[in-house]
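Structural characterization, general
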Amino acid sequence: MERVKKAIIRMAATPDRRLPLGQRCLVAPVLSAASSLYGLCVSLRRALYSWQLLRPLRLPLPVISVGNLTWGGTGKTPMVLFLSRFFLHSHSCTPLILTRGYAGADEASMLKRHLSATSAVVAVGKNRARLAASLLRRFPTPKLGVVILDDGMQHWSLARQVEIIMINALMPWGNGHLLPRGPLREPLHALQRAHLIVIHHANLVSEAELKTIESTILRICSKTIPVFFSELVPSHFFEINSPNEKLPLSTVHALVVLCVSAIGCPDSFVKALIQIGALHIHRLDFTDHHALQTEDIKLITDKIRSLALVHDNKAAIVVTEKDYDRDPAVLQKLGEFKILVLCSSFRIMTFKSKGDEGFKAKLKELVCKSFANNTSL
């Protein structure tokens, strides 16, 4: 199954004209038919909400949705953390975070670990509308100030006042097809629902590429849609047995590293290690949310052992926080080797006269407006 997922991901990132002949003639038509059916279902479901035959639940608190048009790697979870800290520290406002807990619930675990010392409430469940209603009966509304809906763009059963759409600068639209032929969850015109659009990993592509992505957005949306740019800034490492002990980024300068990840955009992880300045970099990529199995552990072990032999034991495994939080225990099976976890902080970049303060001011304006108008999408 892992091989099939990887094959589909490669196809989703490849323009039709560049596909091998066999895939273009045999596989692509089947996936395209499935994409057409998927697109019909999405359009019908969206229409049911537009016609008010289905009605979203409206909460007594402002709801901020953080979502995307494509599958993972767009920075949704880092943005949710960023928003949570903004409301906690700048407005003394307790956020209720609603997350689905997909697969290994790695995002939920990561959110809980980072926010464990705060008053933030992290709730996990597939039906987030029902979950929110249940929690608001348990927690008095004055205690909670805002609801943050993680991966919420397609979760239409819960009304929202602010729609933030995240876009991966390294692969903004893929091959332009809907799932499963491509990476799009909805057609590009769904960008028109956004109040704020953030192009993530903007530091890893050229300015010309950013302008191309932005021009596509502005062509689809109103010219007044605010577009911001974000990055993940590496801060430190920690070893899996000492998560509270921060190690400097220079730790890897004399090491050969094996990047092991099961995230939506492994290229961004590898590029970050290149920028940090690791001595040499090798990689093993698994599909997003993949739980390491026995055969995966053997594959990683064999690879890191061979690297250690060649490089006088100056080798280490490096994983992301998301990989660590998915299952810290399974990483202990690799305990004979040094395993480092790369920690990064989310930041709104200053680009084209827009930056962190502008983003926060616009967000505050939208939230205040929702209180005044008491309206939802």
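Just so you know, these numbers come straight off a predicted model, no measurement behind them.

Let's talk about the overall build of the protein chain
Within the protein chain one finds 11 helices and 12 strands. The C-alpha radius of gyration of the protein chain comes to 21 Å, within 12% of the 21 Å expected for a compact globule of 377 residues. Summarising its shape, the C-alpha atoms of the protein chain cover approximately 65 × 55 × 40 Å along the three principal directions. Here the protein chain holds 377 residues, and 52% of them are scored as buried. Across the protein chain, the fraction of contacts at a sequence separation of at least 24, relative to all contacts at a separation of at least 6, is 76%.

Some remarks on the packing of helix α3 (residues 76-91) against helix α4 (residues 106-114)
It is at 10 Å that the axes of α3 and α4 come closest, and there the two elements cross at 30°. Considering their axes alone, α3 and α4 lie roughly parallel with respect to each other. Helix-helix and strand crossings are classified by hand; for α3 and α4 the assignment is right-handed. On α4, the residues touching Thr77, Val80, Leu81 and Arg85 of α3 are Glu107, Met110, Leu111 and His114. Residues belonging to the contact of α3 with α4 are distributed by class as follows: 4 nonpolar, 2 polar and 2 charged.

Quick word on helix α7 (residues 266-276)
Listed in full, the buried residues belonging to α7 are Pro266, Ser268, Phe269, Val270, Ala272, Leu273 and Ile276. The inward-facing, buried residues of α7 contact β7 (227-239), β9 (256-261), β10 (280-285), β11 (315-320) and β12 (339-348).

Topic: the environment of Arg193
Structurally, Arg193 is set in the loop between β5 (162-168) and β6 (196-200). On a C-alpha basis, the gap between Arg193 and Leu179 in space is 20 Å, while along the polypeptide they are 14 residues apart. Here Glu186 takes part through its side chain, which lies 2.9 Å from a polar atom of the side chain of Arg193.

Points about the nonpolar core
In this structure, Ile64, Met79, Leu83, Ile164, Phe359 and Leu363 are the most contacted members of the largest nonpolar core, which totals 31 residues. Elements represented by at least two residues in this core include exactly β1 (63-68), α3, α4, β4 (146-150), β5, β6, β12 and α11 (356-373). By residue number, the principal contributor to this core is α3, which donates 8 residues. In this view, Phe359 contacts Met79, Phe82, Leu83, Ile164, Leu196, Val198, Phe228 and Ile348; residues no more than four positions away in its chain are not counted. Grouped together as the second largest cluster of nonpolar side chains are 26 residues, Leu178, Ile213, Cys221 and Met349 included.

Examining the side chain of Glu163
The residue Glu163 is located in strand β5 in this model. In terms of polar contacts, Glu163 uses its side chain to reach the side chain of Ser65, at 2.8 Å. Within polar-contact distance, the side chain of Glu163 engages the side chain of Arg160 at 3.0 Å.

Focus: the state of the cysteines
Under the criterion given, the structure shown has 0 disulfides. Here Cys93 is not cross-linked by a disulfide; its sulfur's nearest cysteine counterpart is in Cys368, at 11 Å. The class of Cys93 is buried, set by a relative accessible area of 13%. According to the relative accessible area criterion, Cys368 is partly exposed, its value standing at 44%.

Concerning the pattern of salt bridges
Using the criterion set out here, one finds 21 salt bridges in the structure. Across the pair Lys211 and Glu207 runs a salt bridge whose closest N-O atoms are separated by 3.5 Å. Here Lys211 and its partner Glu207 are both found in helix α6 (residues 207-220), 4 residues apart, which amounts to about one turn of the helix. Owing to a relative accessible area of 45%, Glu207 belongs among the partly exposed residues under this scheme. Asp285 is the salt-bridge partner of Arg283, the closest N and O atoms lying 2.8 Å from each other.

Remarks on the environment of Asn241
Mapped onto the elements of the fold, Asn241 is located in the loop between β7 and β8 (242-247). Side chain to side chain, Asn241 and Gln332 meet in a polar contact 3.0 Å long.

Quick word on the pairing of strand β2 (residues 95-99)
Counting buried positions along β2 yields 5 of 5 residues, so the element is predominantly enclosed. Pairing geometry for β2 and β4, over 4 bridges, is parallel. By the bridge assignment, Leu96 is partnered in β4 with Val147. Here 4 bridges tie β2 to strand β3 (residues 121-124), and the two strands are oriented parallel to one another.

How each quantity is defined
- Residues numbered from 1 in each chain as written.
- Predicted model: local features only at pLDDT ≥ 70, side-chain atom pairs only at ≥ 80, totals over all residues.
- Heavy atoms only, no water.
- Helix = DSSP H or I, 4+ residues; strand = E, 2+ residues; numbered from the N terminus.
- Rg over C-alpha atoms; globule rule 2.2 N^0.38 Å.
- Buried < 20%, exposed > 50% of the residue type's maximum accessible area, 1.4 Å probe, protein only.
- Contact = heavy atoms within 4.5 Å.
- Axes fitted to C-alpha atoms, helices over the stretch in contact; angles between N-to-C directions.
- Parallel < 35°, antiparallel > 145°, perpendicular 65-115°, else oblique.
- Left-handed = near helix turned anticlockwise from the far one by under 90°.
- Nonpolar A, V, L, I, M, F, W, Y, C, P; charged D, E, K, R; others polar.
- Polar contact = N/O pair within 3.5 Å; in protein donor to acceptor, adjacent residues only side chain to side chain.
- Core = buried A, V, L, I, M, F, W, Y, C linked by side-chain atoms within 4.5 Å.
- Disulfide = S-S within 2.5 Å.
- Salt bridge = Lys/Arg side-chain N within 4 Å of Asp/Glu carboxyl O.
- Pairing = 2+ DSSP bridges.

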